[in-house]
Amino acid sequence: GEHPLAEEMPLAVLDAVLHPSGSLLRALDDLCARAIELVRGGAAILLLSDRLVAQPEMRTEFIPLPMALATGSVHNALVQAGVRTHAGLAVEAGDCRDLHHAAVLFGYGAGVVCPWLALETARSMGAELGESNLLHSFDLGLTKIMSKMGISVIDSYRGAHLFDAIGLDNEVIERCFPGTPSPVAGAGFAELEAALRERWHCAHEGEAQPALVNAGTQPEQMAGGELSAASAPQRALPDYGWVRFRKDGRAEPHGWQPQTVRALQLVTGVARSSASVALEPGQAWTQFAGRTLEAKPTLLRDLLEIQAAAPALPIEEVEPASGIVPRFIASAMSLGSLSPEAHQTITTAMNQLGARSNTGEGGEDPAAYRAERPGAPLLLNNKIKQVASGRFGVTAEYLAHAEEIEIKIAQGSKPGEGGQLPSHKVTELIAKLRHAQPGIALISPPPHHDIYSIEDLAQLIFDLKRVNPRAAIGVKLVSECGVGTVAAGVAKAYADYIVIAGHAGGTGASPLSSIKHTGNPWEIGLAEAQQVLLQNGLRGRVRLRCDGGLRTARDILVAALLGADEYAFGTSVLVALGCDMARQCHLNTCPTGIATQRPELRAKFRGKPEHVIRYFEELTWELRMLLASLGLPSLEAAIGRTDLLRQVSHAGGLDLSALLAPAAAGPACWQGKRNLRPDDHEAIDDAWLEPALAARAAGAPFSLSATVANQHRALGARLAGELAWHGVHEEATPLQFHLTGVAGQSFGAFAVPGMQLVLEGLANDFVGKGLCGGEIILRGQGRAARESELHVILGNVALYGATSGSLFAAGRAGERFAVRNSGALAVVEGVGDHGCEYMTGGLVAVLGSTGQNFGAGMTGGLAWVFDEDESFLSQTRYHTGFLIPEPLPRLEPAAREPLHKLLLRHVEKTGSTRARWILSEWPRLSARFIRLTPRPQA
């Protein structure tokens, strides 16, 4: 029967279909005109539906419109007519098959999406819970997609246009997807209609569907027929290799197909049957490089031709391998996503080669910093240490042993996402190195915790340069429209290098839903970054690094011509070590022992450092030959020479002219100098270094008093890094600093054991960032000392990523207190929202009120909250999905005693009036404490 709200909210159905005799553009015009007419006529809900073609008699009479075009154009038309807010927009879409399709429909205006054909297909498969499982997957996947942008409710995502377009004509963008960046023009309505008609004809003639605009579409889905459990033919739908390679000639091509994988493994010698294959020197590489050149263009760079700069040169006149290899990097692939054996093999190979490897997010075994014998090279020490949003395993010792420190911004297991490691990969070893809990999934969301602005990023860069002034600091960005503006900001924030990461590749931890539709090709982001940096006179200050799907000398040279100084390799290094591209990394079932933590599978790992070295040696030789043939004496001579690139193919109507636009005048590559702040030499704690180190060497006590001001930032980080470099000793004589005033951001960052910083006054954001053993004590002055619990004494995001040490603050803190705390002890007298967020270890006692969402994502450690007015429990200020609250009276006496001792210690350290009052009436007031322990996670 009719829904009781039908009269109050009239529904109007719009058939999103095209008659074979009509045109796509005319059909969209009619659809939009009809939508405006219906809303003005009183319709409260518009239902765009292509379900008309599900009727048997209509299957050959109408062509279903691409629902993204229909939704985007109707939404835009209603907005332009001023009536969009008068009606809701619902969509029944037969071409909505996966998460990205649904995200696009919501993102361009739909309020409700029904993927009807996907649901009926799931039902026809005979699975008892097929439909409900599919809907559940859509719900989980969409929330994950929204979380990448920091969006928590669908209302904020709907109509937000959070996409880039590649290969669509401006007419299509303006009509259907207004405001969407589209750096590479391409197909217009005529081309889209031709593809639509060809697909429709193929479906009804029973022929295979050709690879068109939306690769991965299956003919049964496009036919639009009713697929019910009663009438659907019970045959398996074909797999066209959208995610995994399939032999079917109609399947989606993959960059790493079995033949390509084997060809490279014959080069490196890791192929299982390579011993029986007799190839001349260089012949194996020629076969591999030849296989990477597909018959049809699959990458933007396949559309380009490289022109000679001058007459060919003798190979002897080209820069030697020793000058090229230092530009090569093994991409950030963490110990956790990779097995210990694979990770160590890559590190050893890159160090032996004279190149660089990257720890990836996830810390490093400190044993890597100790040579096997005095003077021996540190072959297991990664020269590049990554610092991600979650700060997993980041300590002063970790940072001090880096040649480069790389900040990961919204780039993890796939571009646009934070890092993620499934629970079955978090073994005891991985958990120990990451200061986390075994068996608990680790997710480092895009950095909404401490990087809210370019100023916050500049502060982190400053912090890292203080803790290790020898290291170059880089920022890893995703290739996306607008990345040039971000890159300019990063250069102005005094980073030394910038990584542009493309959409290809992954780290061995990506779920299948994260493999597609994440990031743009690096050609787009790299060209934009190069152009914007040149326009702003910044290019010479920073190195540009390219990452994502690089395999051959031609890839490197195209990247260089578009502006890259350095080149990072991920998947190709793994293939060189034996990876068979089984595409089950996320399942922990890697059959070659590379992307797994299971001992029985790790035992199958057959890679050796010489395999990686051989790959880069062959690659370098090919690159030198290519440079010679083009008349280029060095790689540096090629950097930024977009005039040598010419588009020779316009497949799909793609236009790359924007990528090849002439750049502004100025140096097109890095000029060889650090990107230093003019005031780097003015830090007051530089003067602490020499006397403190001398006292530590002599084993003598050390104490220093000083007045500080807001411009004095990261106080103590410089000394912490130097102490970590020389070796931290827990039992060392304390180095005490008594400070007065207002400390700038990152007070006490990365402080190590033996360091005690006492501040009487106030401190800004990021107090104790990365604290790893030191002690920080904050006391108020005047009235703030007499009424400590009423006054804010430190800012937001304190103890971010702390791994050990302690903080005693006689006053309140701001938001996100102890976010990602992994082992520090802290006492504070009140916190804002999101306290103890993502905490994995340590102990926090809050002697006052808290904000909302306390303990979200908390999987380890312990927290106490003094619920003075009982609002903490009554208003549910904690995250019920992660924490179990237990009032102190219900606990055993043995569980209460440590809290009492902690308050006594707090009074001793800070003189806190709040703690004195609680202790003075302990029998009565202690009953108001709530203990919060992490709820076991499935």
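Residues numbered from 1 in each chain as written. Predicted model: local features only at pLDDT ≥ 70, side-chain atom pairs only at ≥ 80, totals over all residues. Heavy atoms only, no water.

Undergrad: How do you make sense of the sheet that holds strand β16 (residues 472–478) when you look at a structure like this?
TA: What holds strands together in a sheet is hydrogen bonding between their backbones, with the strands either parallel or antiparallel. Spatially, the eight strands line up as an open sheet ordered β11-β10-β19-β18-β17-β16-β13-β12, and their pairing is parallel. Looking at which strands have only one partner, the edges of the open sheet turn out to be β11 (356–357) and β12 (384–387). Relative to β11, strand β10 (residues 328–330) runs parallel, the two being bridged by two bridges. Looking at the pairing, Ile329 lines up with Arg356 of β11. (Pairing = 2+ DSSP bridges. Helix = DSSP H or I, 4+ residues; strand = E, 2+ residues; numbered from the N terminus.)

Undergrad: Mind showing me how you'd approach the confidence of the model for the protein here?
TA: Confidence in the prediction of the protein, expressed as mean pLDDT, is 90, and 92% of residues score 70 or more. Of the regions scoring below 50 in pLDDT, residues 207–234 engages in 65 contacts with residues more than four places distant in sequence or in other chains. (pLDDT = per-residue confidence, 0-100. Contact = heavy atoms within 4.5 Å.)

Undergrad: Got a minute to help me understand the pattern of salt bridges in this structure?
TA: Between side chains of opposite charge, a pair can form as their charged atoms come close. Within the structure shown, the criterion is met by 42 salt bridges. With a shortest N-O distance of 3.7 Å, Glu406 and Arg545 are connected by a salt bridge. Residue Glu406 is located in strand β13 (residues 404–408), and its partner Arg545 is located in strand β18 (residues 543–547); the two are separated by 139 residues in the primary sequence. Comparing Glu406 with Arg545 shows no difference in burial state: the two are buried. For Arg641, the salt bridge goes to Asp643, with nearest N and O atoms at 2.9 Å. Here Asp643 falls in the partly exposed class, since its relative accessible area comes to 49%. Look at the salt bridges and you will find they share partners, linking Arg356, Glu404, Glu406, Arg543, Arg545 and Glu566 into a network. (Salt bridge = Lys/Arg side-chain N within 4 Å of Asp/Glu carboxyl O. Buried < 20%, exposed > 50% of the residue type's maximum accessible area, 1.4 Å probe, protein only.)

Undergrad: Teacher, can you tell me more about helix α17 (residues 483–492) here?
TA: At 3.6 residues per turn, the α-helix brings residues three or four places apart onto the same side. Burial analysis of α17 places seven of its 10 residues in the buried class, which makes it a mostly covered element. Residues of α17 that are buried include every one of Val483, Gly484, Ala487, Ala488, Gly489, Val490 and Ala491, and no others. On its buried side, α17 packs onto α16 (454–467), β16, β17 (497–501) and α18 (522–535).

Undergrad: Whenever I open this one, the sheet that holds strand β1 (residues 11–15) confuses me. Can you help?
TA: Taken in spatial order, the four strands line up as β1-β3-β5-β6 in an open sheet, and their pairing is parallel. Each edge of the open sheet is held by one strand with a lone partner, namely β1 and β6 (112–114). On average, each strand axis in the sheet is inclined to that of its neighbour by 20°, with strand direction left out of account. Here strand β3 (residues 45–49) runs beside strand β5 (residues 88–92); their pairing, made up of five bridges, is parallel. Considered in β5, the bridge of Leu47 is made with Ala90. Sheet contacts for helix α1 (residues 24–40): β1 and β3; angle to β1, the most-contacted strand, approximately 175°. (Axes fitted to C-alpha atoms, helices over the stretch in contact; angles between N-to-C directions.)

Undergrad: I tried to follow the nonpolar core on my own but got confused; where do I start?
TA: Considering soluble globular proteins, one finds that nonpolar side chains tend to be buried as a cluster. Counting 174 residues, the largest nonpolar core has Tyr567, Phe747, Leu778, Leu794, Phe817 and Phe854 as the members making the most contacts within it. The contacts of Phe747, once residues within four sequence positions are left out, are Leu715, Leu739, Leu757, Leu759, Ala763, Phe766, Val767, Gly768, Ile776 and Leu778. Judged by nonpolar contacts, the second largest core, of 57 residues, contains Leu31, Leu38, Val104 and Ile173. (Core = buried A, V, L, I, M, F, W, Y, C linked by side-chain atoms within 4.5 Å.)

Undergrad: I would appreciate a short explanation of the side chain of Ser334 in the present structure.
TA: One can find Ser334 in the loop between β10 and α13 (340–353). Beyond its immediate chain neighbours, meaning those up to four positions away, Ser334 contacts His343, Thr359, Gly360, Glu361 and Arg434.

Undergrad: Please explain unusual backbone geometry as it appears in this structure.
TA: The phi angle of most residues is negative, glycine excepted, and most peptide bonds adopt the trans form. Phi is positive for His517, close to 60°, though the residue is something other than glycine. Its place among the elements puts His517 in the loop between β17 and α18. The class for His517 is partly exposed, based on a relative accessible area of 41%. Unlike most non-glycine residues, Cys836 shows phi in positive territory, near 60°.

Undergrad: Looking at this model, I keep getting lost on the environment of Gln259. Mind explaining?
TA: Mapped onto the fold, Gln259 is located in helix α10 (residues 258–268). Spatially, the C-alpha atom of Gln259 lies 50 Å from that of Val797, the residues being 538 residues apart in sequence. In this view, Gln259 contacts Phe245 and Arg291; residues no more than four positions away in its chain are not counted.

Undergrad: Help me understand the packing of aromatic side chains in this model?
TA: Geometry of an aromatic ring pair is reported as the spacing of the ring centres plus the angle between the planes. Applying the stated rule across the entire model yields 18 aromatic pairs. Relative to Phe163, the ring of Tyr108 lies with its centre 5.4 Å away and its plane at 25°, an arrangement referred to as stacked. Of this pair, Tyr108 sits in the loop between α3 (99–107) and β6 while Phe163 sits in the loop between α6 (154–157) and β7 (166–168); the two residues are 55 residues apart in sequence, bridging distant segments of the chain. Centroid distance Phe854 to Phe872: 5.8 Å. Interplanar angle 80°. Geometry classified as edge-to-face. Of this pair, Phe854 sits in the loop between β27 (840–846) and β28 (860–866) while Phe872 sits in helix α26 (residues 871–874); the two residues are 18 residues apart in sequence, bridging distant segments of the chain. For the residue pair Phe854 and Phe872, the accessibility class agrees, reading buried in each case. Seen from the ring of Phe392, Arg434 lies directly overhead, with NZ or CZ sitting 5.6 Å from the centre. One cation-aromatic arrangement involves Lys769 over Phe766; the distance from NZ or CZ to the ring centre is 4.3 Å. (Phe/Tyr/Trp six-rings, centres within 6.5 Å; stacked < 30°, edge-to-face > 60°. Lys NZ or Arg CZ within 6 Å of the ring centre and 35° of its normal.)

Undergrad: Can you walk me through the packing of helix α19 (residues 553–562) against helix α22 (residues 609–629) in this structure?
TA: Helices that pack against each other are described as a pair by the angle of their axes relative to one another and the distance between those axes. Close contact between α19 and α22 brings their axes to 8 Å; oriented N to C, the two are set at 55°. Compared by their axis directions, α19 and α22 come out oblique. Here α19 runs over α22; the crossing is right-handed. Every residue of α22 that contacts α19 at Ala553, Arg554, Ile556 and Leu557 is listed here: Leu619, Glu622, Leu623, Leu626 and Leu627. Taken together, the residues that form the contact of α19 with α22 break down as seven nonpolar, no polar and two charged. (Parallel < 35°, antiparallel > 145°, perpendicular 65-115°, else oblique. Left-handed = near helix turned anticlockwise from the far one by under 90°. Nonpolar A, V, L, I, M, F, W, Y, C, P; charged D, E, K, R; others polar.)

Undergrad: Mind showing me how you'd approach the pairing of strand β23 (residues 755–763) here?
TA: In regular strands, side chains alternate between the two faces of the sheet. The buried count for β23 comes to seven of nine residues, which makes it a mostly enclosed element. For strand β22 (residues 735–743) and β23, the ladder comprises nine bridges, and the chain directions are parallel. What sits directly across from Leu739, in β23, is Leu759. Strand direction decides the pairing type here: β23 and strand β24 (residues 772–779), joined by five bridges, are parallel. Considered in β24, the bridge of Glu760 is made with Arg779.

Undergrad: Could you clarify how one ought to interpret the pairing of β24 in this entry?
TA: Counting buried residues along β24, six of its eight residues qualify, which places the element largely inside the surrounding structure. Bridge analysis of β24 against strand β25 (residues 804–809) gives five bridges, and the strand direction is parallel. Each bridged residue has a counterpart across the sheet, and for Ile776 the counterpart in β25 is Leu807.

Undergrad: Would you take a moment to explain the state of the cysteines for this structure?
TA: Disulfides are covalent bonds that link the sulfur atoms of two cysteine residues. Per the stated rule, a full pass over the model turns up zero disulfides. Cys836 takes part in no disulfide bond, and the closest cysteine sulfur, belonging to Cys772, lies 19 Å away. With a relative accessible area of 1%, Cys836 lands in the buried category. (Disulfide = S-S within 2.5 Å.)

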